[in-house]
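Structural features, examined
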Amino acid sequence: MTEPNMEFAPSARTLELAAKLSGFLEEKVVPAEGVYEEQVAAAAAEGGQECEEFHYPPVMAGLQAEARRRGLWNLFLTGEGIADRWGAGLTNLEYAPLAEISGRSHLAPEALNCSAPDTGNMELLAHFGTAEQQEQWLGPLLDGQMRSCFGMTEPDVASSDARNIQSRIDVEGDELVLNGRKWWSTGALSPRCRLAIFMGKSDPGAPPYVQQTMVLVPMDAPGVTVVRPLSVFGYLHGQGGHAEVHFEDVRLPTSSILGDRGAGFAMAQARLGPGRIHHCMRAIGMAERALELMCKRALARVAFGKSLAEQGVIQDWIARSRVEIEQARLLVHKTAWLMDTVGTRGARVEISAIKAAVPSMAAQVVDRAIQVHGAAGVSQDTALAGLYAAARMLRIADGPDEVHYMAIARRELRKWVGDGG
Ligand SMILES: Cc1cc2nc3c(=O)[nH]c(=O)nc-3n(C[C@H](O)[C@H](O)[C@H](O)COP(=O)(O)OP(=O)(O)OC[C@H]3O[C@@H](n4cnc5c(N)ncnc54)[C@H](O)[C@@H]3O)c2cc1C
């Protein structure tokens, strides 16, 4: 597992952007968290959870304007021919420390136009879209004028195995007819969500990995219904939330296919590589913020005659958290380096490894921080409850831990097949 010439030192560009980004987080984003919650609550009371302000309160527009002003917009796009044309020209390894910083606040990714699922959708459009599709959808997404969702997961089948997807794409003359029930379509609740990338079977008789196709579906197309919001541990997230969305006889021109017919599965894999590493980078930032809060609380709180920081068990939690974060970061940086040098396919095992390891690590660190805070840790008074929900759900979103461990084990076992061991 050791590759020659691994080089993780941050570039001058990364250092410059990391300093700017940390400043932005400290000065603007973290202080805006309370204002954001107030504005969202006020919007829900006045206009309900369907109104635009619930998903996009004024404070977010202000943060986005400031991020653009500071040159911190669309940093996520990496890869040859893509990063320079549409993004900030960064490699995955250069972006990793920046995404980590953005993970410290749930507001930062959207403020920087670097939030899922738009990032993955923009990557798909950049890699596979026609010039017309890019003009219609990629331009406005890059400009932050709209948002998008990705419809793969279905309530009726185990969607961690994408071969199970049941949604249908039938071709009638020069039209596509889409039918299917999707859920956990992140972002779909926002009135600003104007595009769904729909995964369905266009060729159910073909071999399993070439049955599926992706289609660009305007959210206002007849037959698209946002049925209900889904909560995460009871949180109904603004920022577009997560929704069940039904597609009933949605008719679109065949030019709405994204990439090639039958290439949906391969494109989903390509999309999930960067998406997964971005989640892991941000999860490290979540863990760092939790550790910082844990230390500050341990130093400030006195029980049984001494500060919590003087208790051996608390020191053990703090030390373990530091060790686990450092381990996770190194694996994430190695994975980013591999993606830059051998590509997403060549880094498949490492991508699975970080996706299985890092959200668990982050959830564990946040859990310790909650414990050190006592009852305050589960309340709305600190960022910890939200951080826990975010880290825990990441053990399922974009593939559950067990599926990633299965992929790693298969690869490991393959080395010894026929060896008689
Ligand atoms: C907050 C959030 C946001 C999401 N956003 C999106 C989105 O924008 N678009 C989208 O399409 N989907 C999205 N998802 C869905 C997510 O990708 C799926 O939930 C995930 O792929 C798992 O599919 P499933 O829920 O159908 O679980 P299932 O496939 O039913 O799996 C259930 C459990 O079975 C176990 N299991 C499965 N396979 C194995 C195995 N091989 N070995 C051992 N155990 C196994 C695992 O414990 C797994 O958790 C989101 C989910 C969440 C929670």
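Read on for an overview of the structure. (Residues numbered from 1 in each chain as written. Predicted model: local features only at pLDDT ≥ 70, side-chain atom pairs only at ≥ 80, totals over all residues. Heavy atoms only, no water.)

1. Some thoughts on the environment of Y36
Note the cut-off: Helix numbering and strand numbering both begin at the N terminus, where a helix is a DSSP run of H or I of at least 4 residues and a strand a DSSP run of E of at least 2. Only heavy atoms matter for contacts: two residues are in contact if any of them lie within 4.5 Å across the pair.
Relative to the helices and strands, Y36 resides in helix α1 (residues 12-47). Taking the C-alpha atoms as reference, Y36 lies 32 Å from A309; in sequence the two are 273 residues apart. When neighbours within four sequence positions are excluded, Y36 is seen to be in contact with H55, P57, V59, M60, H106, L107, G238 and Q239.

2. Considering the environment of R289
Quick reminder of the rule: Polar contact is the term for a pair of N or O atoms within 3.5 Å; when the atoms are in protein, one must be able to donate a hydrogen and the other to accept it, and sequence-neighboring residues count only if both atoms are side-chain atoms.
Here R289 lies in helix α9 (residues 264-300). Spatially, the C-alpha atom of R289 lies 36 Å from that of F265, the residues being 24 residues apart in sequence. Setting aside chain neighbours within four positions, we find R289 in contact with V30, E33, R104, S105, A383 and L387. Of note is the side chain of R289, whose polar atom sits 2.7 Å from the backbone oxygen of R104.

3. Some details on α9
The criterion, for reference: Expected span of a helix: the number of residues minus one, times 1.5 Å. The reported bend at a residue is simply the angle between two axes, fitted to the 7 residues ending at it and to the 7 residues beginning with it. Here's how the labels work: a residue is buried when its accessible area is under 20% of the maximum for its type, exposed when over 50%, partly exposed in between, all with a 1.4 Å probe on protein chains only.
End to end, α9 covers 53 Å across 37 residues, agreeing with the expected 54 Å (1.5 Å per residue, within 8%). Taking the largest bend as the criterion, α9 deviates by roughly 25°, centred on L272, and proline P274 comes between one and four positions later. Most of α9 is tucked away: 27 of the 37 residues are buried.

4. Some details on helix α7 (residues 118-128)
Counting buried residues along α7, nine of its 11 residues qualify, which places the element largely inside the surrounding structure. Taken together, the buried positions of α7 are occupied by D118, T119, G120, N121, M122, E123, L124, L125 and A126.

5. Quick look at the pairing of strand β2 (residues 168-172)
Stated precisely, the cut-off is as follows: Paired strands are those between which DSSP finds at least two bridges.
In the sheet, β2 pairs with strand β3 (residues 175-186) via five bridges, with the strands oriented antiparallel. In the sheet register, I169 faces β3, and the bridge partner there is L178. In sequence, β2 turns back onto β3 through a hairpin of two residues, with G173 there showing a positive phi of about 65°.

6. As for unusual backbone geometry
A cis amide bond links A116 with the next residue in sequence, P117, at an omega value of 0°. By the element assignment, P117 lies in the loop between α6 (108-111) and α7. Notably, D249 is not glycine yet its phi reads approximately 50°, a positive angle. Mapping D249 onto the fold places it in strand β7 (residues 242-253). The backbone phi angle of F304 is positive, close to 55°, even though this residue is not glycine. Within the element layout of this structure, F304 appears in the loop between β9 (302-303) and β10 (306-307). Residue F304 is classed as exposed on the basis of its relative accessible area, which comes to 85%.

7. Re the site of the ligand
As a reminder of what qualifies: Here a residue is considered near a molecule or strand provided that any single heavy atom belonging to it is located within 4 Å of it. Surface exposure here means Shrake-Rupley accessible area, sampled with a 1.4 Å probe, where a residue is shielded only by the protein chains that are shown. Marked domain ranges trace back to an automatic or database domain assignment.
Around the ligand, a shell composed of 19 residues is seen, among which F150, T153, S160, W184 and T186 lie nearest. S160 places a polar side-chain atom, nitrogen or oxygen, 2.5 Å from an oxygen atom of the ligand. Here the ligand, which alone exposes 990 Å², has 70% of that area covered by the protein. For the shell around the ligand, the secondary-structure elements that each account for two or more residues are β3 and α13 (401-414). Among the elements that make up the shell around the ligand, the one with the highest residue count is α13 (three residues). Composition of the shell around the ligand by domain shows at least three residues from each of domain 2 (147-258) and domain 3 (266-414).

8. Considerations on the pattern of salt bridges
Spelled out, the test is: A pair is scored as a salt bridge if a Lys or Arg side-chain nitrogen falls within 4 Å of a carboxyl oxygen belonging to Asp or Glu.
With the rule as written, the count across this model stands at 29 salt bridges. Residues E33 and R289 are paired through a salt bridge, measuring 2.9 Å at the closest nitrogen-oxygen approach. In this pair, E33 is assigned in helix α1 and R289 in helix α9, connecting sequence segments 256 residues apart. The exposure class assigned to E33 is buried, which follows from its relative accessible area of 13%. Close ionic contact of R228 with E244 constitutes a salt bridge, the shortest N to O distance being 2.9 Å. With R228 in strand β6 (residues 224-229) and E244 in strand β7, the pair connects residues that are 16 residues apart, well separated along the chain. R228 gets classed as partly exposed once you look at its relative accessible area, which sits at 37%.

9. Remarks on the pairing of strand β5 (residues 212-218)
With seven of seven residues buried, β5 is to be regarded as a mostly interior element. Residue alternation in β5 divides its side chains into two sets, Q212, M214, L216 and P218 and T213, V215 and V217, and both sets are buried. Of the strand pairs in this sheet, strand β4 (residues 193-201) and β5 are connected by seven bridges, and their pairing is antiparallel. Looking across to β5, one finds that I197 is bridged to L216.

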